[in-house]
Each structure stands twice: as C-alpha cells, then as structure tokens.
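Breakdown of the fold
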Amino acid sequence: MESFMTFLIPILAIICTVGLPIILGAYVLVKLISSNSKERLELARHGIVPPVRSKPSPNKYRSLRNGVLCIGIAIGLTAGIMFTLGKAYEYYIEFLIICSLTIFCLGLSYIVFFLLVKNKNMENEE
C-alpha cells in the first residue's frame, strides 16, 4: 500500500497542476460565451435589436513603435555596457547601471515615438 501511495502522489500532483487550470479556463470560457448569448436572446425577446459589436481599428503604427523601442533598448544596453566597461564596479552595481540606462533609453524612445506619431497625426488631419 505504501508503494502505491508514493506512486500516486506525483501523478496526482501533475493532474492538479496541469488539469485544474485547463478545466477552470474551459469553465470560465463556456460561462462567458453562454452569458453573452443569453443577454442577446433576452434583448431579442423584448424586441430590441442587439447592437452589432465592431472590432476596434488596429494600431497602424505598431511596427514603428516596436522598431523605435528595440532601438531604444539596444542603445540603452550598449550605453550601459560602455559605461561599466573597464571600471572596477561590483557585479550588482554594473547590473543596476545597465538596467537603469536601458530603462532610461526605453523611456526616451517612447517619447520619440510619441513625437513621431503626433506629427503624423497632425499631417493626416490637415
């Protein structure tokens, strides 16, 4: 009996770790879909035409944003490595310097992206 229990514990752990989140996710998805259709049916029973939900327009500047952010990350990492190169900092100080310069350059790249998109939006409005 003892060997059976030691064999059963890992199997039960795997089932609980993998199976329960999948079952809960499926349950939530089914409830979400059924509640949405019930709402539309109730509106139709009362003679109200349910509104058609349209998809939001996609962000047409997604590639530009990703490119600017990748450039910002690359510049930040390069600047951080160059700043710590040849200096006798301890490893965690070097890590903090590289991370802070990367985040700083990432913030600058967001500002650059905003300025680029703002200028493009002004041109489109005219």
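Along each chain, residue indices are assigned from 1 in the same order as the chain's sequence is written. In keeping with the model being predicted, local features are shown solely for residues with a pLDDT of at least 70 and side-chain atom pairs are shown and tallied solely at 80 or more, while totals for entire chains, interfaces and linings include all residues. To obtain the side-chain values, all non-hydrogen atoms of the structure were included, while hydrogens and water were left out.

1. A look at the overall build of the protein
- When helices and strands are tallied, the protein shows three helices and zero strands.
- Helix and strand assignments follow DSSP, with helices taken as H or I runs no shorter than four residues and strands as E runs no shorter than two, numbered in order from the N terminus. N-terminal to C-terminal, the α/β element order of the protein is α-α-α.
- Radius of gyration here uses only the C-alpha atoms, and the compact-globule reference equals 2.2 Å multiplied by the residue count raised to the power 0.38. Relative to the globule expectation of 14 Å for 126 residues, the C-alpha radius of gyration of the protein, 27 Å, shows a markedly less compact shape.
- Using a 1.4 Å probe on the protein chains alone, a residue whose accessible area is under 20% of its type maximum counts as buried, one over 50% counts as exposed, and one in between counts as partly exposed. Taken over 126 residues, the protein has a buried fraction of 11%.
- At a minimum sequence separation of 6, the contacts of the protein that also span at least 24 residues come to 57%.
- When charges are counted, neither His nor the chain ends are considered; positive counts come from Lys and Arg and negative counts from Asp and Glu. Taken as the charge centre is NZ of Lys, CZ of Arg, CG of Asp or CD of Glu, depending on the residue. Each charge class in the protein can be summarised by its mean position, and for the 12 positive and 8 negative side chains these summaries are 11 Å apart. Whether two residues touch is decided by their heavy atoms; if any such pair falls within 4.5 Å, the residues are in contact.

2. Points about helix 2 (residues 62–84)
- Relative to the 33 Å expected for 23 residues at 1.5 Å per residue, helix 2 spans 33 Å between its end C-alpha atoms, a close match to the ideal helical length.
- Just downstream of helix 2 lies G86, where phi reads positive at about 80 degrees. One fewer than the residue count of a helix, multiplied by 1.5 Å, yields its expected span.

3. Describing the side chain of S109
- Along the chain, S109 turns up in helix 3 (residues 91–125).
- Among all residues touching S109, those that are not within four sequence positions of it are V68, L69 and G72.

4. A short note on the packing of aromatic side chains
- Two aromatic rings from Phe, Tyr or Trp, using only the six-membered ring of Trp, form a pair when their centres are within 6.5 Å; if the ring planes differ by under 30 degrees the pair is stacked, by over 60 it is edge-to-face, and anything between is tilted. Summed over all chains, the structure comprises one aromatic pair.
- Between Y91 and Y92, the ring centres sit 5.7 Å apart and the planes meet at 90 degrees, which makes this aromatic pair edge-to-face.
- A residue is classified by how much of its surface remains accessible, and Y91, at 68% relative accessible area, is exposed.
- For Y92, a relative accessible area of 42% gives the class partly exposed.
- Note that K87 overlies the ring of F83, its terminal NZ or CZ placed 5.7 Å from the centroid. Here, over-ring charges are defined by two tests on the NZ atom of lysine or the CZ atom of arginine: distance to the ring centre within 6 Å, and angle to the ring normal within 35 degrees.

5. A word on the confidence of the model for the protein
- A residue-level look at the protein finds 94% of positions with pLDDT of 70 or above and a mean pLDDT of 85.
- Confidence, expressed as mean pLDDT per element, reaches its minimum in the protein at helix 1 (residues 2–45) with 82 and its maximum at helix 2 with 92. As a per-residue measure, pLDDT reflects the predictor's confidence and takes values from 0 up to 100.

6. Some words on the side chain of T84
- Note that T84 resides in helix 2.
- Residue classification places T84 among the buried residues on the basis of a relative accessible area of 7%.
- When neighbours within four sequence positions are excluded, T84 is seen to be in contact with Y89, E94, I97 and I98.

7. A short note on helix 1
- Taking 1.5 Å of rise per residue, the 44 residues of helix 1 would be expected to cover 64 Å, and the 61 Å separating its terminal C-alpha atoms lies within 8% of that figure.
- To get the bend at a given residue, fit one axis to the seven residues ending there, fit another to the seven starting there, and take the angle between those axes. Approximately 30 degrees is the largest bend angle found in helix 1, and it occurs at G19, with the proline P21 only one to four residues beyond.
- Following helix 1 by one or two positions, G47 has its phi on the positive side, about 85 degrees.

8. Brief notes about a nonpolar patch on the surface
- Patch membership requires over 30% relative accessible area and the absence of a salt bridge. Like charges are linked within 9 Å, and nonpolar side chains (Val, Leu, Ile, Met, Phe, Trp, Tyr) within 5 Å. Accessible surface area values rest on a Shrake-Rupley calculation with a 1.4 Å probe, where residue burial reflects the displayed protein chains alone. The working definition used for a salt bridge is a side-chain nitrogen of Lys or Arg within 4 Å of a carboxyl oxygen of Asp or Glu. Taken together, the side chains of F4, M5, F7, L8, I11 and I15 define a hydrophobic patch exposed on the protein surface, amounting to about 570 Å² of accessible area.
- Given a relative accessible area of 41%, M5 falls into the partly exposed group.

9. Looking at the state of the cysteines
- The term disulfide is used for any two cysteine sulfur atoms that are within 2.5 Å. Under the criterion given, the structure shown has zero disulfides.
- Of the cysteine sulfurs around C99, a residue in no disulfide, the closest is that of C105, at 13 Å.

10. Thoughts on the environment of I33
- With respect to the helices and strands, the residue I33 is situated in helix 1.
- When the C-alpha positions of I33 and I14 are compared, they lie 29 Å apart, and in sequence the two are 19 residues distant.

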